[in-house]
Amino acid sequence: MKNQNMKNICMFGILTCVLVLFSQHQGVDATREMRHHHDSRLLKETFYPRYGETNPSSLPYMKTSTIFNVLAFGAKGDGTTDDTNAFEAAWLAACKLEASTMVVPKGSVFLIKPISFSGLNCESNIVFQLDGKIIAPKRSGSWESGLLQWLEFTKLNGITIRGTGVIDGQGAGWWSESSDTKPTAIRFYGSSDVTVTGITIQNSQQTHLKFDNCQSVQVFEVTISSPGDSPNTDGIHLQNSQDVTIHSTKLACGDDCVSIQTGCSGVNIQNVDCGPGHGISIGSLGKDNTKACVSNITVRDTKIHDTENGVRIKTWQGGYGSVQGVTFSNIQVSKVETPIIIEEYYCDGGKCQNKGSSVSISDISYENIRGTYTKNPVRFACSDGTPCTDVNLDTIQLQPIQQNSDTGKPFCSNAYGELKTTTSPPIDCLMAAKLSKKQSQNNYDSCQN
């Protein structure tokens, strides 16, 4: 009997221990579940606060998430409400974390007034994910006078705009105005490691996409679209920028598809569809007797159609500096007024004055340029004081759009170089004599200072 009681006591003790251990384990799981629920709620509330409850710039953002949707910061996305403040708040939040992403979601239309996405106190490698649509205010009183840009990205190190969305400048109300002070749709200034890909930019008030004082720029798989008669709506404008690549992009506008200005070097343009518009241009350069320096530019594997010009270099009389190391290669032209142009007497209307000096142009190569023209096949109008030198043509095959049409012949003035092959039509006006390069060298030297 005693032994039986001892067995019962032992069994009761063992069962008690098991129950205690099981209850402790359940308590730990419950505590973990509560903590997990709390952490998830904290993460959600931290990154997606109700707009107006707190200042996004003071939030203790956790580094386990880097997505900042503009809807979470109060944007309505209805196409009529001003969402500028919500975009500013989302940008300030995204800037606190390196490699974060600001999201403009698909299915919404966001009305945004002029805004600057500044890199001041901003981490690097920010992504602007554009899958929705951004529209500008129309002309009626929504803009301050003298504004030069609508969407500005400034002083950033590592910035990417990507997605399938649309930026619409709604520029029709601007195009009929005579003022030269019209905003650029998107401007990058003082930034490095810049990428723009996938998006569509359309109906800009003036220039669609501008890079000023930027380094290491990539633009690809972008569509730019405005009517051919929309004034001064350049597609992509480059100024004081180096190491720029533009490829696999469609550009249709009312001015230059690509405009390359002073201070640019190391520009590579490839596989671009240009038209309508004014073609691909270097310049204009040297206006108001200013210095201009452009070097190492390549345009290749490109289609240009329904444009005033094909590939063009244009300078004003009286300027100085140099354009050198330029290659135009594998260019297909169709219904282009003048496919090949160097114009050192460029001016905006009126009679261009001959000032005896201009930006020197040398080491320019045209290779495998084929297709049709409607006015003149080639025009080399170079300065008396600073002739064009080392202009080389190889495999040029250009035909008038109509065989019996009254089109002009190739024109050359003060242009020196070499025909590597026979051309169609014959370009007999290019002179082969070697001139002194002293003036050109002086201009080149001025660009090294």
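Residues numbered from 1 in each chain as written. Predicted model: local features only at pLDDT ≥ 70, side-chain atom pairs only at ≥ 80, totals over all residues. Heavy atoms only, no water.

**A short note on the UniProt feature "active site" (unreviewed entry) in the protein**
Here comes step 1: What UniProt calls "active site" (unreviewed entry) maps, in this numbering, to H278.
Here comes step 2: Counting through the fold element by element, H278 comes out in the loop between β20 (264-274) and β21 (280-285).
Here comes step 3: Here H278 falls in the buried class, since its relative accessible area comes to 17%.
Here comes step 4: Look past the residues within four positions of H278 in its chain and what remains in contact with it is G254, D255, D256, T307, E308, N309 and R312.
Here comes step 5: Only 3.4 Å separates the side chain of H278 from the backbone oxygen of G254, close enough to count as a polar contact. (UniProt positions renumbered as here; feature names shortened; annotations may be inferred. Helix = DSSP H or I, 4+ residues; strand = E, 2+ residues; numbered from the N terminus. Buried < 20%, exposed > 50% of the residue type's maximum accessible area, 1.4 Å probe, protein only. Contact = heavy atoms within 4.5 Å. Polar contact = N/O pair within 3.5 Å; in protein donor to acceptor, adjacent residues only side chain to side chain.)

**Quick word on the pattern of salt bridges**
Here comes step 1: Under the defined criterion, the tally for this structure stands at eleven salt bridges.
Here comes step 2: The partner of R379 in a salt bridge is E343, and the shortest N-O contact between them spans 2.9 Å. Here the residue R379 occupies a position in strand β27 (residues 378-381), and E343 occupies one in strand β25 (residues 338-343), the gap between them amounting to 36 residues.
Here comes step 3: On the basis of relative accessible area, R379 is assigned to the partly exposed category, the value being 33%.
Here comes step 4: Among the salt bridges present, the one from K420 reaches E418, with a minimum N-O distance of 3.3 Å.
Here comes step 5: With a relative accessible area of 47%, K420 lands in the partly exposed category.
Here comes step 6: Accessibility expressed as a relative area gives 39% for E418, which makes it partly exposed.
Here comes step 7: Look at the salt bridges and you will find they share partners, linking E152, R187 and D212 into a network. (Salt bridge = Lys/Arg side-chain N within 4 Å of Asp/Glu carboxyl O.)

**Observations regarding the side chain of Q129**
Here comes step 1: With respect to the helices, strands and loops of the structure, Q129 is situated in strand β6 (residues 126-130).
Here comes step 2: Judged by relative accessible area, Q129 falls into the buried class, the value being 14%.
Here comes step 3: Setting aside anything within four residues of it in sequence, one finds Q129 in contact with T101, M102, V103, V104, R162 and G163.

**Structural notes on the confidence of the model for the protein**
Here comes step 1: Looking at the protein, the pLDDT average stands at 86 and 81% of residues meet or exceed 70.
Here comes step 2: This stretch, residues 1-12, has a pLDDT under 50; its non-local contacts, to residues over four places away or in other chains, come to zero contacts.
Here comes step 3: Predicted confidence for residues 14-64 stays below pLDDT 50, and this span has 39 contacts to residues more than four positions away or in other chains. (pLDDT = per-residue confidence, 0-100.)

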